[in-house]
Structure formats: C-alpha cells, structure tokens
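# Chain and residue survey
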Amino acid sequence: MLRKQLSEILTPNVISVSADTPVSEAIKTMRSENISCIVVLEENKPIGIFTERNVVQVVADQGPEFNNRPIRAFMSSPVLTAHKDVEVHVAYNLLLTRRIRRLVVVDDEDHAVGVVTQSNMIEHLGYEYFIEIKKVSQIMTKVLATTARDSLVPEALQDMARNAMSCIIVAEDDRPVGIVTERDVARILVDHGDIWNLKVEEVMSTPVQTLSQQTAVHDAAKIMQREKIRRVVVIDEDGKIAGLITQSDIVKGLEGKYIETLKEVIKEKDVTIETTSRDLAEKTVYLDNILHS
C-alpha cells in the first residue's frame, strides 16, 4: 500500500469555504458533513485549513466571542499540501515528521482535489503491516487527560487545548464512563449553542469503546474502522484506564514498515542507476571504437 499514489486513497470532493466565512458557519458545515477539517480556498487553491483541533483551541482561547469572526483569523496557514501523484510512503513521512493528521492533495495547477488523512492510510493497509506491532500495549499512549462528570465543558476544552490532547476521558473510580473528543466539540457547539454552563456528563459520548492491553493492533484498527472512530480507551483486567490507542499511535507504530519500504525504493533506484551507468559505459566504448575506426 505504501507504494500507491495519493490519488488512489484520497477522499475527493474537498469541503471548503472562503477566508471571509464566519468561523461559526465553518463549524456548522463540519458538523453537518461530519468531517474533521475544512479547507480554506482562494481561486480553488488551498490557503489554509481549519481542523477539529482548531475548533477546540478557538473555544478555549476566545470564549463565546469567536462566532462572527472570519475563519482566516483561526485557520492554520500555510497549509501543507502534496501532489496527487506523490507515493503514499512520502506522504506518510510528512505526516510523521510534521506531527499532523491530514494532507491537502493538489493537482498540477495546485488546485485542491482531495484530502488524505491517517484514516485513509489505515483503511488501505493489509494485515501484513501490523505483524511487527502485535499488541496494543506496545504502542498505546499512557499519558492522557481525564475529567469528572460534573466538570464544566469549557474547563474540559481548556485542558484539551492546553495539553494538545485529541480527547478527554470522563472517569469515575479510574474507570471510563464517557469521552469528549475533538469531533464532539463541533457537535456540542452546534447542538447546544450556549455551552458555558454545561456539564461534561450532559454532552459526553457514552458508553465508551474499550479494549484490553492484549488486543492485536490489527483488531484495534478494525474496531476503529467499523465504529468510525479514531481512538479507543485501553483498560486493564480490573476495567480501569490503562491508556489510549489512537490512529496516530498506529501510524507511528508503522515506522519500521515505512523504513523497510524506503529501503526497497532506494534499492530500486540503485539498480536503475547501475543499469544506466552500464549502458552509458557500453555506449562510450561503442563511440570510441567508431572514432578509432
């Protein structure tokens, strides 16, 4: 799969807005389309991107005053792009080194033609990519954020923003009873409007999807794909929180496979260079013979 091109795995039909669109309208679009990001275009060229993480940051930093401000004030810019013909292993390296979760894909005119996310990559992976990473316990995140049922939503969002966390787990006696994710924030803002006095238990997603530390990573990826989620809480034998496994953890865990693929690419290029050099040497001898004749 890592040798495919981005055009083969991207999500087409880019959902976009202009830079002057009110941020509240962008959030409503993300909610209605159930998407993790919205691309900001100018003459069909990407000039910025507004993600779920941006939503959390905006709410945490701006409070209720953000609604009517233009999205240009909050979008991430410049936006990282990749050409549709770029091989997946190159895009994978971009995601890994830049610590991001999505790339805007462009054509020869730099027009946006799609988006590639970690979900796209994991969805197209075969079982062989997970053989080296056997168990969830080997790659799960152990540092995570938790909160209580009666915490206020703004406080939970501030914790997520301050620690750059993609979710916060609602815990009771160290057991997961709910979860609030970046994706939930757009839903909460649109469905509830005034969130400033809401308690976490009123908006959290429950029950929480969990799995054991001994679960195979391949099975965890399948659960995420089936349930259309990007993270699962890992529990110990007593049902207490042991960690969290996310798509980002899975993608990081595939680094060994990426290096293996990169070696194959380099080997192929070496063979090509060797063949070209041999052909040039043969032609040189042939030309020398002609000149001597």
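My aim in this report is to walk through the structure given alongside it, one point at a time.

Reading the values: rules and limits
- Residues numbered from 1 in each chain as written.
- Predicted model: local features only at pLDDT ≥ 70, side-chain atom pairs only at ≥ 80, totals over all residues.
- Heavy atoms only, no water.
- 1 Å grid on protein atoms, 1.4 Å probe; cavity = no way out; pocket = protein on both sides within 12 Å on 5 of 7 lines; lining within 4 Å.
- Points joined across faces, edges and corners; volume = space filled by probe spheres on them.
- Helix = DSSP H or I, 4+ residues; strand = E, 2+ residues; numbered from the N terminus.
- Nonpolar A, V, L, I, M, F, W, Y, C, P; charged D, E, K, R; others polar.

### Re the layout of surface pockets
Counted as a void, the largest pocket has a volume near 1300 Å³. If you trace the largest pocket, you find 44 residues lining it, with Asn34, Arg183, Lys228, Ile229 and Arg230 closest to the centre. Elements supplying a minimum of two residues to the lining of the largest pocket: helix H1 (23-33), strand S2 (37-42), strand S6 (112-117), helix H4 (118-123), strand S9 (175-181), helix H6 (182-192), helix H8 (217-227) and strand S11 (231-235). Within the lining of the largest pocket, the residues separate by chemical class into 19 nonpolar, 13 polar and 12 charged. In this structure, the second largest pocket occupies an estimated 950 Å³ of space. Lining of the second largest pocket is provided by 34 residues; of these, Arg53, Arg99, Ile100, Arg101 and Ser248 occupy positions nearest its centre. Elements that contribute at least two residues to the lining of the second largest pocket include exactly strand S3 (45-51), helix H2 (52-62), helix H3 (88-98), strand S12 (241-246) and helix H9 (247-253). With five residues, the top contributor of residues to the lining of the second largest pocket is H9. When the residues that make up the lining of the second largest pocket are grouped by side-chain class, the tally is 15 nonpolar, 10 polar and nine charged.

Everything listed here is a matter of coordinates, which is why it stays silent on function.
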